[in-house]
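Report on the structure
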Amino acid sequence: MAEKRVFHFNAKIEECEIRGIKDIDNSFKNKQGELVESHHIELMCDYGEDCERIYLIDKDMGNLDKYKRGQIGTFIVRLDVEQDFGMKCKMTIVGFEENKKK
């Protein structure tokens, strides 16, 4: 059986406008009945001339107050691609820089 291959790389998404911000709660109880806290930020964004809609995930809850609806800037995202029988891709935010106001 062939071993799965995993690739990691960063990419820029420029001129991206934040259209919505959500605090996603994925908390659950484990087999011992203990609550396991799990949160992330989901950003709904538009980019490009055709205002393509994308959803981005930020695992750093400390950034929640950093994002504001209507902000335009550049996101740095980490892409984790796993090649096994098919392809899986996970994209998470590793940086954001708001465009300077003119």
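Below, the structure is looked at part by part. Here the residue numbering is sequential within each chain, running from 1 through the sequence in written order. Totals for whole chains, interfaces and linings use all residues, but because this is a predicted model, local features are given only for residues with pLDDT of at least 70 and pairs of side-chain atoms are given and counted only at 80 or more. No hydrogens and no water enter the side-chain calculation; it runs on all heavy atoms of the structure.

A pair of Phe, Tyr and Trp rings is counted when the ring centres sit within 6.5 Å of each other, with Trp represented by its six-membered ring. The angle between the planes then sorts it: under 30 degrees is stacked, over 60 is edge-to-face, the rest tilted. Per the counting criterion, the structure on display carries 3 aromatic pairs. Taking 6.3 Å as the distance between ring centres and 35 degrees as the angle between the ring planes, the aromatic pair formed by Tyr67 and Phe75 counts as tilted. For every residue, the accessible area (1.4 Å probe, protein chains only) is compared with the maximum for its type, and the residue is labelled buried under 20%, exposed over 50%, or partly exposed between those bounds. In this structure Tyr67 comes out as buried when scored by relative accessible area, which is 3%. Arranged with centres 4.4 Å apart and planes meeting at 35 degrees, the rings of Phe75 and Phe96 form a pair that is tilted. Here the residue Phe75 occupies a position in strand β6 (residues 72-83), and Phe96 occupies one in strand β7 (residues 87-98), the gap between them amounting to 21 residues. One aromatic cluster in this structure is built from Tyr67, Phe75 and Phe96. Secondary structure elements are defined from DSSP: runs of H or I of at least 4 residues count as helices, runs of E of at least 2 residues count as strands, and each element is numbered from the N terminus.

Within the secondary structure layout, Asp46 lies in strand β4 (residues 39-47). Engagement of the side chain of Asp46 in a polar contact is seen with the side chain of Arg53, the distance being 2.6 Å. We call two residues contacting when some pair of their heavy atoms lies within 4.5 Å. Among all residues touching Asp46, those that are not within four sequence positions of it are Glu15, Cys16, Glu17, Arg19, Cys51, Glu52 and Arg53. A 3.5 Å cut-off defines polar contacts: any pair of N or O atoms within that distance qualifies, except that in protein one atom must be a possible hydrogen donor and the other a possible acceptor, and neighbouring residues in sequence count only when both atoms are side-chain atoms.

What follows covers the pattern of salt bridges. Salt bridge, as used here: a side-chain nitrogen of Lys or Arg that lies within 4 Å of a carboxyl oxygen of Asp or Glu. Enumeration over the complete set of coordinates arrives at 6 salt bridges. Between Arg53 and Asp46 there is a salt bridge, with its nearest N and O atoms 2.6 Å apart. Owing to a relative accessible area of 42%, Arg53 belongs among the partly exposed residues under this scheme. On the basis of relative accessible area, Asp46 is assigned to the buried category, the value being 11%. Between Asp80 and Arg78 there is a salt bridge whose closest N-O contact spans 2.7 Å. On the accessibility criterion, Arg78 (31% relative accessible area) is partly exposed. Ionic contacts of the salt-bridge type, sharing partners, join the residues Glu17, Arg19, Asp46 and Arg53 into one network.

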